[in-house]
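Tertiary structure, described
Chain residues, written in single-letter form:
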Amino acid sequence: MQPFLRPSILLFLLLLSLIPTSLPQSSPAPQPLTTDDINITDLMSKNGCKSFADLLHSTADAADSFASNIGSGLTAFCPTDPVLKPFLPLFKNLTADQKISLLLYHAIPIYYSIQMLKSNNGVVNTLATDGTTKNYNFTIQNDGDVVTLQTKVTKANITGTLFDKDPVALYAIDEVLEPTEIFKPAEVPVPAPAPQVVADSPKPAGKKQSNGSPEAQSPGDKAADQKAGDNNRAAAAGNLAGVAAVAAFFAFAFV
Ligand SMILES: *[C@@H]1O[C@H](CO)[C@@H](O)[C@H](O)[C@H]1NC(C)=O
Ligand SMILES: *[C@@H]1O[C@H](CO)[C@@H](O)[C@H](O)[C@H]1NC(C)=O
Ligand SMILES: *[C@@H]1O[C@H](CO)[C@@H](O)[C@H](O)[C@H]1NC(C)=O
Ligand SMILES: *[C@@H]1O[C@H](CO)[C@@H](O)[C@H](O)[C@H]1NC(C)=O
């Protein structure tokens, strides 16, 4: 018994001294979300757009382009799995360049909160747009609370928000966006409402609003982050106390 006494008391004292000092030290301010933490394919995968995320992942150039726009602002629209799966045979038939363009067509190089989308109608450029020809654009059209993305070939409604924190927003849509550069309109009965009416794209307004406006970063999110941080801290403190208690028990058992 004797040889165990001193080390076990020392261990117990050491653990006791850890509890008060390590609690304040183990509670740094919650880390703000940095753009490095935003993994677009991961967010899509886990929120109903796994097929689209897989396409992005397997098309390195497109994935890189999405990722490199995160810092400066990005709004991406992903067709949900039930919508994208029937489209996959068509996708496979595209050329490599068309595949990249189609994926890039699903993102705008600007951050738009859902409020911005609901209050701006107009033509927007996408990551697939060639600056000189302004091709691969589509029209954002809203009707009440429904935001619709219209190409000359397809119309998609935004059906959900996967992620929305300036500078990145990810939305689910219920149709694949088919650019007229790749697909032919199926039928041409009613001419679409003239896009030139809204030729002033909402981009400048969106850009302005995204710079630190209260709308862009909701206080509710911050409160939630704070709360999560508090919970983590409480959990960490609980774990530490538990470890100390178990260790103390063994220290006394040896005595
Ligand atoms: C994003 O997450 C996926 C796993 O879901 C991983 O394979 C990929 O490398 C990540 N990408 C980045 C840029 O971290
Ligand atoms: C894909 O291309 C092949 C050969 O060009 C064609 O037979 C097939 O119908 C196409 N599939 C689709 C879904 O368009
Ligand atoms: C949209 O793209 C078409 C080509 O598909 C182009 O002719 C047109 O000028 C573009 N519109 C705008 C407003 O950029
Ligand atoms: C989009 O929403 C409108 C209005 O709610 C609806 O009439 C239309 O069917 C929807 N489109 C799709 C593709 O779900």
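Residues numbered from 1 in each chain as written. Chains lettered and ligands numbered in written order. Predicted model: local features only at pLDDT ≥ 70, side-chain atom pairs only at ≥ 80, totals over all residues. Heavy atoms only, no water.

Comments concerning the overall build of the protein chain
Operational definition: Helix and strand labels come from DSSP, where a helix needs a run of H or I of at least four residues and a strand needs a run of E of at least two; each type is numbered from the N terminus. Relative accessibility decides the category of a residue: with a 1.4 Å probe and only protein chains considered, values under 20% of the type maximum give buried, values over 50% give exposed, and everything between is partly exposed. Reported accessibility uses the Shrake-Rupley method at a 1.4 Å probe radius. Residues are deemed covered only where the shown protein chains occlude them.
Counting its regular elements, the protein chain contains ten helices and seven strands. Counting the 255 residues in the protein chain, one finds 38% classified as buried. Of the roughly 14,500 Å² of accessible surface on the protein chain, a fraction of 59% belongs to carbon and sulfur atoms.

Focus: the site of ligand 3
Heads up, the rule is: We define proximity as follows: a residue is near a molecule or strand when any one of its heavy atoms falls within 4 Å of that partner. Distance and chemistry together define a polar contact, namely a pair of N or O atoms within 3.5 Å, with one atom able to donate a hydrogen and the other to accept it when in protein, and with adjacent residues in sequence counting only for side-chain atoms on both sides. We call Asp, Glu, Lys and Arg charged. Ala, Val, Leu, Ile, Met, Phe, Trp, Tyr, Cys and Pro are nonpolar, and the rest, Gly among them, are polar.
Lining the immediate environment of ligand 3, one finds V123, K134, N135, N137, T180 and E181. In the environment of ligand 3, an oxygen atom lies 2.3 Å from a nitrogen or oxygen atom belonging to the side chain of N137. Within the side chain of E181, an N or O atom sits 2.6 Å from an oxygen atom of ligand 3. Taking 360 Å² as the accessible area of ligand 3 by itself, protein coverage stands at 57%. Tallied by class, residues from the shell around ligand 3 come to one nonpolar, three polar and two charged.

A word on the nonpolar core
To keep it simple, the criterion reads: Buried Ala, Val, Leu, Ile, Met, Phe, Trp, Tyr and Cys residues form a nonpolar core when they are joined through side-chain atoms within 4.5 Å. We call two residues contacting when some pair of their heavy atoms lies within 4.5 Å.
M44, F52, F66, F77, L117, F138 and L170 are the most contacted members of the largest nonpolar core, which totals 55 residues. No other element matches the six residues that strand β7 (residues 168-173) contributes to this core. Apart from residues lying up to four places away in sequence, F138 is in contact with F77, Y105, I108, G122, V123, V124, T126, L149, Q150, T151 and L177.

Focus: the pattern of salt bridges
A side chain of one charge can pair with a side chain of the opposite charge when the charged atoms of the two come close. Applied cut-off: What counts as a salt bridge is simple: a side-chain nitrogen of Lys or Arg found within 4 Å of a carboxyl oxygen of Asp or Glu.
A full pass over the atoms with the stated rule returns three salt bridges. K50 is the salt-bridge partner of D54, the closest N and O atoms lying 2.9 Å from each other. A residue pair is termed a helical-turn pair when its members lie 3 or 4 positions apart in one helix, as D54 and K50 do in helix α3 (residues 50-57) at four residues. Where K118 meets D145, a salt bridge forms, and the shortest distance between an N and an O atom there is 3.7 Å. Of this pair, K118 sits in helix α8 (residues 114-118) while D145 is found in the loop between β4 (138-143) and β5 (146-150), placing the two residues 27 residues apart along the sequence.

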